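Here's the letter readout for the chains.
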Amino acid sequence: MALTLDTYRLLGRSGLRVSPLALGAATFGEEWGWGAERGEARKLFDQYVEQGGNFLDTADTYTDGTSERLLGEFARDRRESLVLATKYTTLRRPGDPNSGGAHRKNLLASVESSLRRLDTDYLDLLYLHVWDFTTPVEEILRGLDDLVRQGKVLYVAISNAPAWQVARMQAIADLRGWSPLVALEVEYNLVERGAERELIPMAREMGLGVIPYSPLAGGVLTGKYSRADLAAGAGGTADTAGTGSGAAGTGDGAASGDSTRKGFNLALGTVTERNLAVADAVREVAAELGHTPAQVGLAWTLQNPAVTAPVVGARTPAQLADNLGALDVEFTADQLERLDAAGAVTLGYPHDMLDSAHTRRVMAGDLRLEPRR
């Protein structure tokens, strides 16, 4: 069934209502070499919100802080009707080790800075952006809970972290009565499906809504790249200066057409023969449906029942309009099977072993039990 931006969904185990597509604001600002200037960013914001969209995604270091500043300016007159999500942990000041990381000092400083830039008294959703492998989980959870109790943050979430750590944190939060995590933002698309192994099943079990970033694999699924780009990617000559970090979860939902952005994705190794073959399958299904490859790629992520809202990013209103058209895509069973087959990944141990005919026979004879959904 076709969706609209005002077909709101509950975010994880919370009662918070959000649109089925989030607008990524990593493209707000030109500091990284491929974003939208202020006037164009305003058009993107208005276009999304006027169609019923309420879920906006940014981070404290996106476009060196310009993303938050512009988003705060645009949201000022309708703040209470919007769900503003931002993130902390990426380094804010080079040379200052405590201006990055998940620890309490950076958490509090980052949130205060985000509140000033967003020109608001509270954040609807705060993500731990990137796992730092050093800060104790109790320090993180207690710091987040303190901010919720102070009213500066309403809900907390996590991104780019190992599944076992997220599950551990959720269990500790529940046992101690601290604010639980309600969302998990992960890279997830038809060419990057590693999250299906542990992260997405964990999120469903622990009550976290999945928010995919880079749902179009940096533009690969839009048909922007061809086999001719393979040589450019292998040559390693792409200029990536000033483009930001792939680990930062930029939420790129549309190809920008900008050479700097394209060079960045080539340097990341996203353009491979395997990924281009997946893009071919997307293009074939798109032609059958009368939709664009970008719409098909985005719509595929929405088929996963664990997914709440992919983050789409655009540099122009035309790109955003194309992305929003994903809500109208309706697949046949055959088309979904072909897309799944094109981008399939093996789950690996222990999943493959546990699902093997031998294990089933040893555990239950010939009885085939359907896993709990």
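Residues numbered from 1 in each chain as written. Predicted model: local features only at pLDDT ≥ 70, side-chain atom pairs only at ≥ 80, totals over all residues. Heavy atoms only, no water.

Before going further, it helps to examine the overall build of the protein. Check the secondary structure of the protein and you find 14 helices and 10 strands. Considering only residue pairs separated by 6 or more positions, the protein has 79% of its internal contacts joining residues 24 or more positions apart. For the protein, the exposed area adds up to about 15700 Å²; of that, 52% sits on carbon and sulfur atoms. (Helix = DSSP H or I, 4+ residues; strand = E, 2+ residues; numbered from the N terminus. Contact = heavy atoms within 4.5 Å. Areas by Shrake-Rupley, 256 points an atom, 1.4 Å probe, with all protein chains shown as cover.)

On to the environment of Ala183, then. Locating Ala183 in the fold gives a position in strand β8 (residues 181–187). Spatially, the C-alpha atoms of Ala183 and Tyr127 are 8.2 Å apart, while their sequence positions differ by 56 residues.

Here the focus is the sheet that holds β8. One open sheet holds the 8 strands; their spatial order is β9-β8-β7-β6-β5-β4-β3-β10, and the pairing between them is parallel. The open sheet has two edge strands, β9 (209–213) and β10 (311–312), and neither has a second partner. Sheet topology note: the strand β3 (residues 22–24)/strand β4 (residues 55–57) ladder contains 2 bridges and is parallel. Each residue of the ladder has a partner; that of Leu23, found in β4, is Leu56. Of the strands in this sheet, β5 (83–88) and β6 (123–128) touch helix α3 (residues 104–118), which is tilted by about 140° from β6. (Pairing = 2+ DSSP bridges. Axes fitted to C-alpha atoms, helices over the stretch in contact; angles between N-to-C directions.)

What follows concerns the pattern of salt bridges. Under the defined criterion, the tally for this structure stands at 21 salt bridges. When the shortest N-O distance is used, the salt bridge between Asp119 and Arg76 registers 2.8 Å. Of this pair, Asp119 sits in the loop between α3 and β6 while Arg76 sits in the loop between α2 (66–75) and β5, and the two are 43 residues apart along the sequence. In this structure Arg76 comes out as partly exposed when scored by relative accessible area, which is 47%. Within this structure, Arg227, Glu273, Asp280 and Arg283 form a network of salt bridges that share partners. (Salt bridge = Lys/Arg side-chain N within 4 Å of Asp/Glu carboxyl O. Buried < 20%, exposed > 50% of the residue type's maximum accessible area, 1.4 Å probe, protein only.)

Here the focus is the confidence of the model for the protein. Of the residues in the protein, 88% have a pLDDT of 70 or more, and the chain-wide mean is 90. Note that pLDDT drops below 50 for residues 236–257; the model gives that stretch 73 contacts with residues more than four away or on any other chain. (pLDDT = per-residue confidence, 0-100.)

So, about the environment of Val111. With respect to the element layout, Val111 can be found in helix α3. If near-sequence neighbours (up to four positions away) are discounted, Val111 is found in contact with Leu123, Leu126 and Leu147.

This part takes up unusual backbone geometry. The amide bond that connects Tyr349 to the next residue, Pro350, takes the cis arrangement and shows omega of 5°. One non-glycine residue, Thr89, lies in positive phi territory at about 125°. With relative accessibility at 6%, the residue Thr89 sits in the buried group. Positive phi outside glycine occurs at Ser214, with the angle close to 50°. Among the structural elements, Ser214 can be located in the loop between β9 and α7 (228–235).

What follows deals with the packing of aromatic side chains. Taken as a whole, this structure holds 5 aromatic pairs when the rule is applied. Measuring from ring centre to ring centre gives 5.9 Å for Trp32 and Tyr62, while their planes differ by 75°; the resulting arrangement is edge-to-face. Of the two residues, Trp32 sits in the loop between β3 and α1 (38–50) while Tyr62 sits in the loop between β4 and α2, which places them 30 residues apart along the sequence. Pair check on accessibility: Trp32 and Tyr62 agree, each one buried. Residues Phe45 and Phe74 carry aromatic rings whose centres are separated by 5.7 Å and whose planes lie at 45° to one another, so their mutual orientation is tilted. (Phe/Tyr/Trp six-rings, centres within 6.5 Å; stacked < 30°, edge-to-face > 60°.)

Nonpolar side chains tend toward joint burial in soluble globular proteins. Ranked by size, the top nonpolar core spans 102 residues in total, and within it Phe28, Phe45, Tyr48, Phe55, Leu126, Ile158 and Leu184 carry the most contacts. The dominant element in this core, judged by the number of residues it contributes, is helix α9 (residues 273–289), at 6 residues. If we ignore the near neighbours within four places in the chain, the residues touching Leu126 are Thr86, Lys87, Tyr88, Leu107, Val111, Leu144, Leu147, Val153, Tyr155, Val156 and Ala157. Judged by nonpolar contacts, the second largest core, of 5 residues, contains Trp32, Trp34, Ala59 and Tyr62. (Core = buried A, V, L, I, M, F, W, Y, C linked by side-chain atoms within 4.5 Å.)

So, on to the packing of helix α4 (residues 137–150) against helix α5 (residues 163–176). Helix packing geometry: the angle between the two helix axes and the distance between the axes. Direction vectors running N to C along α4 and α5 enclose 55°, while the axes themselves pass 10 Å from each other. Here α5 runs oblique to α4, going by the angle between their axes. Between α4 and α5 lies a crossing whose hand is right-handed. Mapping the contact onto sequence places Val137, Glu138, Ile140 and Leu141 in α4 and Gln165, Arg168, Met169, Ile172, Ala173 and Arg176 in α5. (Parallel < 35°, antiparallel > 145°, perpendicular 65-115°, else oblique. Left-handed = near helix turned anticlockwise from the far one by under 90°.)

Within the fold, Thr120 resides in the loop between α3 and β6. Overall, the relative accessible area of 10% leaves Thr120 in the buried class. Separated by 3.2 Å, the side chain of Thr120 and the backbone oxygen of Tyr122 make a polar contact. (Polar contact = N/O pair within 3.5 Å; in protein donor to acceptor, adjacent residues only side chain to side chain.)

By the secondary structure assignment, Leu324 is in helix α11 (residues 317–324). Considering only alpha carbons, one finds Leu324 and Leu21, 303 residues apart in sequence, at a separation of 7.7 Å. Apart from the residues lying within four places of it in its own chain, the contact partners of Leu324 are Leu5, Leu21, Tyr48 and Gln51.

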